[in-house]
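# Observations on chain architecture
Next come the chains, spelled out residue by residue.
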Amino acid sequence: VVGTGHLAWHLVPNLLKIGLSVELWSRRPVASINLPAPAKPWPRKEPQSLPDAVLLAVPDDQIAAVSERLATLLPRTVAVLHTSGATPLDRITTYFPARGVLWPVYSLRREDEQTDWSTVPLVYAATTEDLQTRLRRWCTALTEHAYALDDEQRAQLHLAAVFGNNFTNWLTQIAFELCTERGIPFAALRPIVQQTFARLDDQAPATRQTGPAARGDAATMTRHLALLEEHPAYARLYRALSQLIEAGKAQNADEK
Ligand SMILES: NC(=O)c1ccc[n+]([C@@H]2O[C@H](COP(=O)([O-])OP(=O)(O)OC[C@H]3O[C@@H](n4cnc5c(N)ncnc54)[C@H](OP(=O)(O)O)[C@@H]3O)[C@@H](O)[C@H]2O)c1
């Protein structure tokens, strides 16, 4: 494993748990002091004992450069994998024919307790059948939710995660601001927000949509927009989302 950041902190103990032996390479081995596998400095020449695979736990924009650096140290037979949702496989240098990805669809921070990955979705893909088979074996040992997805599907899932995770979090930030600017404790809203996400299952979330746009309640929407006079950007967002909800409801009604 190359890198000792957020991902490595959660990845390494899980790799050890499934019986893999792990070596960590770090530019600053001292920073990895609390990791369950001791980190070594980057070697200067080809190491005597070669890894089967190298997992790049480095920032997305460093994947290409770090894989080029590996190409100066390792033979082509070593498999090289990255761990990024947004990065195509061809960002790893083609010097290594066996390239792959192992992407946990989860938010991982070094500050958090090390996560047990048995419920974390893992997405994998590889350029060779042999690596694909090894990845399937590792991923299904690590989690109950392993998905073999190609580059396009992974990019689409990453995009979906921006809507489902990043944007929804920012919508709750707006809700937080609307509460606090009138001295309303956010605790008064939090349970209904948590309930929304706790109810998520495999059904289309649209089937559980509530609120004025879903009801076509124009009077309430007009009152809400008046309350947003000082927040023109939020008013635009309110209108855009309400229009999408109304259009989605109309389409569903037509289909029925
Ligand atoms: N964090 C998440 O929630 C998460 C979730 C899914 C996937 N990922 C993916 O995991 C990968 C790593 O993300 P991260 O959040 O762990 O990043 P990070 O916390 O910034 O850690 C990256 C590590 O890479 C090493 N590094 C940085 N630049 C390097 C360079 N030029 N050469 C060699 N090593 C370098 C550093 O380790 P040393 O200083 O020890 O060398 C650094 O700690 C990314 O591809 C990301 O998309 C992250």
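These notes cover the structure that comes with them. (Residues numbered from 1 in each chain as written. Predicted model: local features only at pLDDT ≥ 70, side-chain atom pairs only at ≥ 80, totals over all residues. Heavy atoms only, no water.)

Next up on the list: the overall build of the chain. Tallying secondary structure elements over the chain gives eight helices and seven strands in all. The globule rule puts the C-alpha radius of gyration for 256 residues at 18 Å, and the 23 Å found for the chain is more than 25% above it. Taking the principal axes of the C-alpha coordinates as reference, the chain spans close to 75 × 45 × 30 Å. Here the analysis covers contacts within the chain between residues at least 6 apart in sequence; of these, 57% occur between residues at least 24 apart. Entry remark: accessible area of the chain is about 15800 Å², with carbon and sulfur atoms responsible for 54%. Each charge class in the chain can be summarised by its mean position, and for the 26 positive and 27 negative side chains these summaries are 4 Å apart. (Helix = DSSP H or I, 4+ residues; strand = E, 2+ residues; numbered from the N terminus. Rg over C-alpha atoms; globule rule 2.2 N^0.38 Å. Contact = heavy atoms within 4.5 Å. Areas by Shrake-Rupley, 256 points an atom, 1.4 Å probe, with all protein chains shown as cover. Lys, Arg positive; Asp, Glu negative; His and termini not counted. Charge placed at Lys NZ, Arg CZ, Asp CG, Glu CD.)

This part takes up the site of the ligand. Around the ligand there are 21 residues in total, and Thr4, Leu7, Ser26, Asp60 and Leu108 lie nearest to it. At 3.2 Å, a backbone N or O of glycine 5 approaches an oxygen atom of the ligand. Its free accessible area being 890 Å², the ligand has 81% of it covered by the protein chains. Assessed atom by atom at 2 Å from the grid points, the ligand resides in the second largest pocket. Secondary-structure elements contributing two or more residues to the shell around the ligand are α1 (6–17) and β5 (99–104). Partitioning the shell around the ligand into residue classes produces nine nonpolar, nine polar and three charged. (Near = heavy atom within 4 Å. Polar contact = N/O pair within 3.5 Å; in protein donor to acceptor, adjacent residues only side chain to side chain. 1 Å grid on protein atoms, 1.4 Å probe; cavity = no way out; pocket = protein on both sides within 12 Å on 5 of 7 lines; lining within 4 Å. Sits in = over half its atoms within 2 Å of the grid points. Nonpolar A, V, L, I, M, F, W, Y, C, P; charged D, E, K, R; others polar.)

In total, this model carries four aromatic pairs according to the counting rule given. Ring geometry for tryptophan 25 versus tryptophan 42: centroids 5.5 Å apart, planes at 55°, classification tilted. With tryptophan 25 in strand β1 (residues 24–26) and tryptophan 42 in the loop between β2 (39–41) and β3 (53–56), the pair connects residues that are 17 residues apart, well separated along the chain. The exposure class of tryptophan 25 is buried, given its relative accessible area of 6%. With a centroid separation of 5.1 Å and 75° between ring planes, the pair formed by phenylalanine 176 and phenylalanine 186 is classed as edge-to-face. Of this pair, phenylalanine 176 sits in helix α4 (residues 151–180) while phenylalanine 186 is found in the loop between α4 and α5 (190–198), placing the two residues 10 residues apart along the sequence. According to the relative accessible area criterion, phenylalanine 176 is partly exposed, its value standing at 35%. The ring of tryptophan 42 has arginine 69 lying over it, and the distance from NZ or CZ to the ring centre is 3.9 Å. (Phe/Tyr/Trp six-rings, centres within 6.5 Å; stacked < 30°, edge-to-face > 60°. Buried < 20%, exposed > 50% of the residue type's maximum accessible area, 1.4 Å probe, protein only. Lys NZ or Arg CZ within 6 Å of the ring centre and 35° of its normal.)

This brings us to a nonpolar patch on the surface. A contiguous nonpolar surface patch, about 340 Å² in accessible area, is contributed by Leu171, Leu237, Leu241 and Leu244. Looking at the nonpolar patch element by element, the count peaks at three residues for helix α8 (residues 232–255). With respect to the secondary-structure elements, leucine 241 resides in helix α8. (Patch = residues over 30% accessible without salt bridge, like charges linked within 9 Å, V, L, I, M, F, W, Y side chains within 5 Å. Salt bridge = Lys/Arg side-chain N within 4 Å of Asp/Glu carboxyl O.)

Here we take up the packing of α4 against α8. With their axes 13 Å apart at the nearest point, α4 and α8 run at an angle of 125° to one another. With respect to their mutual orientation, α4 and α8 come out oblique. The two elements α4 and α8 meet at a crossing, and its hand is left-handed. Along its contact with α4, which presents Leu171, Ile174 and Glu177, the element α8 presents Tyr234, Leu237 and Leu241. Residue composition of the contact of α4 with α8, grouped by class: five nonpolar, no polar and one charged. (Axes fitted to C-alpha atoms, helices over the stretch in contact; angles between N-to-C directions. Parallel < 35°, antiparallel > 145°, perpendicular 65-115°, else oblique. Left-handed = near helix turned anticlockwise from the far one by under 90°.)

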